[in-house]
Amino acid sequence: MEEKGATAAAAASGEPAGGEAAAMKVVVAVDASEESLHALAWALDNVIVRRGGGVSLVVVHAQPGAYHFVYPVAAHGIAIAYAPAAAIESMRKAQEENSRKVVSRALDICKQREASANATGAVVEGDAKEAICQAVEDMNADLLVLGSRGLGKIKRAFLGSVSDYLVHHASCPVLVVKPSKAHDK
Amino acid sequence: MAEEAGTAAAAGESGRMTMVVALDESEHSYYALQWTLRHFFSADGQQQQYRLAVVNAKPTAASAVGLAGPGITRGAADVLPFVEADLKKSSMRVIDKARELCAQVSDAVFEVVEGDARNVLCEAVERHHAEMLVVGSHGYGAIKRAVLGSVSDYCSHHAHCTVMIVKKPKPKH
């Protein structure tokens, strides 16, 4: 899987101090959905703030590769899969912009909770499931945090579930945060 | 909206967060307990932040022996008390070992609940008003999961709280 270099959208460098015994590297996967930002907020409140430091946080956004959006173009009855270079370029730029927005929104949430000292953002490219799995391995994460849309069994089978895939394949423990209920307990 | 929901779900600044850890006799669940202790209960000051509830689900003797069919033979029924005693012993072993591991945790409860692991764990989460459930995972492939059933899969879909699934890392070649 190709991986874009870690793009720090804001905040200080997140190079983890490898020596501390209690240090923990937490990777939070975000996309534009509310559930993943809720997952980030939950993780910040319950894991990071409570541990009182010694945690480095990486917010990861998986950007689908531009080649997904190449459509066959029928010209004079002949179907050709062709996308002009300029179109690809502008699609790519739009996606990067999108990714940057998502990551910076996530880092804003970190800042709100004063956890931004150790938070970085990263964007990885490719299919979300595999790209995040690869990123977790490369970063030697201790914990991966995901949101979950709370899909039922059938929808999961058809729509595919990133959280399901990552729970089975990630190389580290996975924390799945459910969407908060409308009524509070 | 996501942020406010997040703070509402947290137990509050001064309250402790309850964590239920599922335990059975397998290496995987001990590893999950140890991982949790190492990362959430290790430093001295941090212990006060979390409350720990260790839950062991003890299968009923009847389910363990598989006496679901009609016409239970007398021989099979005689086995039940022995199976029951053995299951009780194994649950005690699990809890004792858990007590040892959690010696430094200030606020920990240990329970053995009878029933199917899936239901026991989800119900324990409700009972303790836990914010998090920790389960180990055998790391079965898709086929084994379909045939043997997976407690961690069930819990991650049905528990009403955040679920953390801890796998024993595979040794890299």
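The structure displayed is predicted, hence computed values, not measured ones. (Residues numbered from 1 in each chain as written. Chains lettered and ligands numbered in written order. Predicted model: local features only at pLDDT ≥ 70, side-chain atom pairs only at ≥ 80, totals over all residues. Heavy atoms only, no water.)

Caption draft 1: Representation of the confidence of the model for chain A. Summarising the model, chain A shows a mean pLDDT of 72, and 64% of its residues fall at 70 or more. Scored below 50 in pLDDT, residues 1-21 of chain A makes 37 contacts in the model with residues more than four places away or belonging to other chains. (pLDDT = per-residue confidence, 0-100. Contact = heavy atoms within 4.5 Å.)

Caption draft 2: Main features of helix α3 (residues 128-139) of chain A. All names here are of chain A. Relative to the 16 Å expected for 12 residues at 1.5 Å per residue, α3 spans 16 Å between its end C-alpha atoms, a close match to the ideal helical length. Next to the buried residues of α3 lie β1 (24-30), β2 (55-63), β5 (119-125), β6 (143-147) and α5 (162-169). Among the residues trailing α3, N140 stands out with phi positive, at a value near 55°. (Helix = DSSP H or I, 4+ residues; strand = E, 2+ residues; numbered from the N terminus. Expected span 1.5 Å × (residues − 1).)

Caption draft 3: How the structure looks around the pairing of strand β1 (residues 17-23) of chain B. All names here are of chain B. By the criterion of burial, β1 is predominantly enclosed, with seven of the seven residues buried. Residues M17, M19, V21 and L23 point to one face of β1 and T18, V20 and A22 to the other, with burial holding for every one of them. Two strands pair when backbone bridges link them, and β1 and strand β2 (residues 50-58) are joined in this way by seven bridges, in the parallel orientation. Considered in β2, the bridge of V20 is made with A53. Judged from the three bridges that link them, β1 and strand β4 (residues 132-137) form a sheet pairing that is parallel. Residue pairing across strands places M19 opposite M132, the latter belonging to β4. (Buried < 20%, exposed > 50% of the residue type's maximum accessible area, 1.4 Å probe, protein only. Pairing = 2+ DSSP bridges.)

Caption draft 4: Region of the structure containing the packing of α3 of chain A against α5 of chain A. All names here are of chain A. Packing of α3 against α5 brings their axes to within 9 Å, and their N-to-C directions diverge by 35°. α3 and α5 meet at a crossing whose hand is right-handed. When α3 is examined against α5, the residues A128, K129, E130, I132 and C133 are found in contact with a partner set consisting of V162, Y165, L166 and H169. (Axes fitted to C-alpha atoms, helices over the stretch in contact; angles between N-to-C directions. Left-handed = near helix turned anticlockwise from the far one by under 90°.)

Caption draft 5: Representation of the pattern of salt bridges within the structure. Residue and element names in this part refer to chain B. By the definition in use, this model includes 12 salt bridges over all chains. Note that E114 and K58 form a salt bridge whose closest N and O atoms lie 2.9 Å from each other. Placement of E114 in strand β3 (residues 108-114) and of K58 in strand β2 is noted, with a sequence separation of 56 residues between them. Judged by its relative accessible area of 45%, E114 falls in the partly exposed class. Look at the salt bridges and you will find they share partners, linking K58, E84, K88 and E114 into a network. (Salt bridge = Lys/Arg side-chain N within 4 Å of Asp/Glu carboxyl O.)

Caption draft 6: Quick look at the sheet that holds β3 of chain B. The strand order across the open sheet formed by 10 strands is β5(A)-β2(A)-β1(A)-β6(A)-β7(A)-β5(B)-β4(B)-β1(B)-β2(B)-β3(B), and the pairing between neighbours is mixed. The outermost strands of the open sheet, each flanked by one partner alone, are β5 of chain A together with β3 of chain B. Strand-to-strand twist in this sheet, taken as the mean axis angle between neighbours without regard to direction, amounts to 25°. Of the strand pairs in this sheet, β6 of chain A and strand β7 (residues 174-177) of chain A are connected by four bridges, and their pairing is parallel.

Caption draft 7: Main features of unusual backbone geometry. Backbone geometry places N140 of chain A, a non-glycine residue, at a positive phi of 55°. On the basis of relative accessibility, which here comes to 61%, the residue N140 of chain A falls in the exposed class. Notably, H129 of chain B is not glycine yet its phi reads approximately 50°, a positive angle. Along the chain, H129 of chain B falls in the loop between α5 (117-128) and β4.

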